[in-house]
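# Survey of secondary and tertiary structure
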Amino acid sequence: AQSVTQLDSQVPVFEEAPVELRCNYSSSVSVYLFWYVQYPNQGLQLLLKYLSGSTLVESINGFEAEFNKSQTSFHLRKPSVHISDTAEYFCAVSMHSGGYQKVTFGTGTKLQVIP
Amino acid sequence: EAQVTQNPRYLITVTGKKLTVTCSQNMNHEYMSWYRQDPGLGLRQIYYSMNVEVTDKGDVPEGYKVSRKEKRNFPLILESPSPNQTSLYFCASSMDRIFNSPLHFGNGTRLTVT
């Protein structure tokens, strides 16, 4: 069975500082990896995804994540955060199981950007 | 605009009073799913549907029912709500046949059962 571990439930960081949100997964088969972001009082939105190819993927707002197969990790990073990045971030793993898309979410990391 | 619409956004009810949370998507997606979000537990899948008239249990189905009579709609039914079903609920959809496709989420329904 697949599982997703987000090691930090909350991450406070000062504005313009770098941040890394950690995500590890366990699965015995090939997976697709996603990061979703949830702003207050909203649903989850896709931030970026790894399907295949280059192990480094980027989003349009400066986040990036690197797929590390040997360490089964997919950590999310941003070199300089803004106040507007304050949100909860969820790592998710998708795999083909029994003919449908099985998606497992981590428990989330709340990013608090401090002015 | 492509979207998943849930109603209501907020709902307060009493134990045992049947309720329905509606979900509708306008993207012609085959796959739809319901999740509940609880602090420290992330999102857990309640039920999912691969297509019309095809539904199956997720990880936490107890106390819930769903139906998929039309492709666009996937209502969540609580026949006899209990306080442990107080939670934030999300409906989501995706293109089923392309299993690497992301999920599109509604804005959530915050349910309180007293």
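Everything numeric in this text was worked out from a predicted model, so none of it was measured. (Residues numbered from 1 in each chain as written. Chains lettered and ligands numbered in written order. Predicted model: local features only at pLDDT ≥ 70, side-chain atom pairs only at ≥ 80, totals over all residues. Heavy atoms only, no water.)

Assigned secondary structure in chain A consists of zero helices and 12 strands. Secondary structure of chain A in N-to-C order comes out as β-β-β-β-β-β-β-β-β-β-β-β. On C-alpha atoms alone, chain A measures out to a radius of gyration of 14 Å, which is about the 13 Å that the 2.2 N^0.38 rule sets for 115 residues. If one aligns the C-alpha atoms of chain A with their principal axes, the spans along those axes are about 45 × 30 × 25 Å. For chain A, buried positions account for 47% of its 115 residues. Sequence-distant contacts, at least 24 apart, represent 55% of the contacts inside chain A between residues at least 6 apart. Within the structure as shown, chain A displays about 5,500 Å² of accessible surface, and the carbon and sulfur contribution to it stands at 50%. Positive and negative side-chain charges of chain A, numbering 7 and 9 respectively, have mean locations separated by a distance of 11 Å. (Helix = DSSP H or I, 4+ residues; strand = E, 2+ residues; numbered from the N terminus. Rg over C-alpha atoms; globule rule 2.2 N^0.38 Å. Buried < 20%, exposed > 50% of the residue type's maximum accessible area, 1.4 Å probe, protein only. Contact = heavy atoms within 4.5 Å. Areas by Shrake-Rupley, 256 points an atom, 1.4 Å probe, with all protein chains shown as cover. Lys, Arg positive; Asp, Glu negative; His and termini not counted. Charge placed at Lys NZ, Arg CZ, Asp CG, Glu CD.)

Backbone hydrogen bonds hold the strands of a sheet together, and the pairing may be parallel or antiparallel. All names here are of chain B. Spatially, the four strands line up as an open sheet ordered β1-β3-β8-β7, and their pairing is antiparallel. Pairing within the sheet leaves two strands with one partner each, and these edge strands are β1 (4–7) and β7 (65–66). Bridge count for β7 against strand β8 (residues 76–78) is two bridges, and the pairing is antiparallel. Bridging from a neighbouring strand, Lys 65 pairs with Ile 77 of β8. (Pairing = 2+ DSSP bridges.)

Listed per partner, the contact involves 25 residues of chain B and 23 residues of chain A. Where chain B abuts chain A, roughly 1,900 Å² becomes buried across the two surfaces, and 55% of that area is made up of carbon and sulfur atoms. The interface formed by chain B and chain A holds zero salt bridges in total. Our enumeration of links across chain B and chain A arrives at three residue pairs in polar contact (both at pLDDT 80 or more). Among the secondary structure elements, those contributing two or more residues to the side of chain B that touches chain A are β4 (31–38), β5 (42–51) and β9 (87–94) of chain B. When residues in the side of chain B that touches chain A are grouped by element, the largest group, five residues, is from β5(B). Its residues placed into classes, the side of chain B that touches chain A shows 13 nonpolar, nine polar and three charged. (Buried area = accessible area lost by both parts, 1.4 Å probe. Salt bridge = Lys/Arg side-chain N within 4 Å of Asp/Glu carboxyl O. Polar contact = N/O pair within 3.5 Å; in protein donor to acceptor, adjacent residues only side chain to side chain. Nonpolar A, V, L, I, M, F, W, Y, C, P; charged D, E, K, R; others polar.)

What follows concerns the side chain of Lys78(A). Residue and element names in this part refer to chain A. Looking at the element boundaries, Lys 78 is found in strand β9 (residues 73–78). Judged by its relative accessible area of 5%, Lys 78 is buried. Side chain to side chain, Lys 78 and Asp 85 meet in a polar contact 2.8 Å long.

Attention now moves to the pattern of salt bridges. Overall, the coordinates contain nine salt bridges over all chains when judged by the stated rule. Measuring nitrogen to oxygen at the nearest pair gives 3.9 Å for the salt bridge that ties Arg77(A) to Glu64(A). Taken together, the residues Arg77(A) in strand β9 and Glu64(A) in strand β8 (residues 64–68) connect sequence positions 13 residues apart. Residue classification places Arg77(A) among the partly exposed residues on the basis of a relative accessible area of 24%. For Glu64(A), a relative accessible area of 24% gives the class partly exposed. Between Lys18(B) and Glu79(B) there is a salt bridge, with the nearest N and O atoms lying 3.9 Å from each other. Separated by 61 residues along the polypeptide, Lys18(B) in the loop between β2 (10–13) and β3 (19–25) and Glu79(B) in the loop between β8 and β9 bring together distant segments of the chain.

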